[in-house]
Amino acid sequence: MADPTDSTAAPVNVLLPHGDHTLQVTVEGPEGALPIILMPSSQRDASDYDECAAFLAAAGHRVLRPWPRGMGASNGPIEGVTLTTFVDDAVFALQQLGGARPAIWLGHAFGHYVARVADLTQAQWVRGVVVAAAAAHTFPGNATKTLAIASDPRRPEAERLAALREGFFAPGNDPRPWLLGWYPHAQTPYRSSAAGALPEKAAWWPVAHAPILDLQAADDPWRPPQTRNELRDVLGNDKVTVQLIEGASHALPCEQPRAVAQAVIDWIRTLPA
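Summarised in this report is the structure supplied together with it. Keep in mind it's a predicted model, so treat the numbers as computed, not measured.

### With respect to the nonpolar core
Thinking step 1. In terms of nonpolar packing, the biggest core is built from 39 residues, with Val 25, Ile 37, Trp 105 and Ile 212 touching the most fellow members.
Thinking step 2. The leading source of residues in this core is helix H2 (residues 83-97), at nine residues.
Thinking step 3. Non-local contacts of Val 25, meaning those with residues more than four positions away in its chain, are made with Val 12, Asn 13, Val 14, Leu 16, Leu 64, Arg 65, Pro 66, Ala 93 and Leu 97.
Thinking step 4. Core analysis: the next-biggest nonpolar cluster, separate from the first, contains 29 residues, Leu 34, Ala 53, Phe 55 and Ile 265 among them.

This is the structure:
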């Protein structure tokens, strides 16, 4: 893999006026290269991808990280946002900074909802979709409890660390960095029916225009082993590639950034020209 300290990988933050708000986009990698859009998980921002993005950019890709509204310097209304809102913001970033060409959309956990909806509603901007640590179609009920505890800075640190170990980090991986980086003010919008369920899952789950890399973490309680092939069973072997990454849980891109980047790079090479 290319050296992420290469100068082509140096990130730059760009502020884009967009309608009634401003969108912060972290950009790295050479202009004109195949763009990769990275969408973060629920209540977390684009910095979760710092290491992963550096590897992707050093490998020669144009990496774009739109910061969700209310995070970083991205502003604008967050009440009533939908998955389509996030897609529209990311497409705008792609048009302005990604050479106005179809991209690889990599979505981590909640971010994979955005990537899949982009493929549903704006397929002309999607070359391929990577779902990283995507939850199962129906995930265990206690998983959302660990999210509620881990993301709440008012709770005792020990309680939050226990939730992070249970729901997000594989044994031996340090969950302490994830005590930070949460946006409590975004909890209600992200967990509302609008943010996560419009369009509803039934509309996009069984539909795929672009190829999909289903990148799973071996120790992810949000994706039990019996669900490993559920996406491929619905969409077909010719559409979905399943790859398992060891030593990771639901915080996959932070736990194994090099492995995630390498899996994406290798998969891109298999895509039709």
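### Some words on the side chain of Thr 26
Thinking step 1. Along the chain, the position of Thr 26 falls in strand E2 (residues 21-28).
Thinking step 2. Polar side-chain contacts of Thr 26 include one of 2.6 Å to the side chain of Asn 13.
Thinking step 3. The residues touching Thr 26, leaving out its near neighbours within four places in the chain, are Pro 11, Val 12, Asn 13, Val 63, Leu 64, Arg 65 and Trp 67.

### Regarding the side chain of His 112
Thinking step 1. Within the secondary structure, His 112 sits in helix H3 (residues 110-121).
Thinking step 2. Excluding residues that lie within four positions of it along the chain, His 112 makes contacts with Gly 107, Val 131, Ala 134, Ala 135 and Trp 204.

### Observations concerning unusual backbone geometry
Thinking step 1. One non-glycine residue, Ala 100, adopts positive backbone phi at about 50 degrees.
Thinking step 2. Mapped onto the fold, Ala 100 is located in the loop between H2 and strand E5 (103-108).
Thinking step 3. Of note, Ala 133 is a non-glycine position whose phi angle comes to about 55 degrees, a positive value.
Thinking step 4. Tracing the backbone through its elements, the reader meets Ala 133 in the loop between strand E6 (126-132) and helix H4 (141-150).

### Observations regarding the pairing of E6
Thinking step 1. With six of its seven residues buried, E6 lies for the most part within the structure.
Thinking step 2. Relative to E6, E5 runs parallel, the two sharing six bridges. Paired with Trp 105 across the two strands is Val 129, which belongs to E6.
Thinking step 3. Handedness of the E5-H3-E6 crossover: right-handed.

### A word on the pattern of salt bridges
Close approach of charged atoms allows side chains with opposite charge to pair.
Thinking step 1. Considering all chains together, one arrives at ten salt bridges under this definition.
Thinking step 2. In this structure, Asp 266 engages Arg 269 in a salt bridge whose closest nitrogen and oxygen atoms are separated by 3.0 Å.
Thinking step 3. With relative accessibility at 35%, the residue Asp 266 sits in the partly exposed group.
Thinking step 4. Taking the relative accessible area as the measure of exposure, Arg 269 reaches 62% and is therefore exposed.
Thinking step 5. When salt bridges with common partners are traced through the structure, they connect Asp 152, Arg 154, Arg 155 and Glu 159 into a single cluster.

Criteria and thresholds
Residues numbered from 1 in each chain as written. Predicted model: local features only at pLDDT ≥ 70, side-chain atom pairs only at ≥ 80, totals over all residues. Heavy atoms only, no water. Core = buried A, V, L, I, M, F, W, Y, C linked by side-chain atoms within 4.5 Å. Buried < 20%, exposed > 50% of the residue type's maximum accessible area, 1.4 Å probe, protein only. Helix = DSSP H or I, 4+ residues; strand = E, 2+ residues; numbered from the N terminus. Contact = heavy atoms within 4.5 Å. Polar contact = N/O pair within 3.5 Å; in protein donor to acceptor, adjacent residues only side chain to side chain. Pairing = 2+ DSSP bridges. Right-handed = clockwise from strand over helix to strand, strands pointing away. Salt bridge = Lys/Arg side-chain N within 4 Å of Asp/Glu carboxyl O.

None of this, on its own, says anything about what the molecule does.
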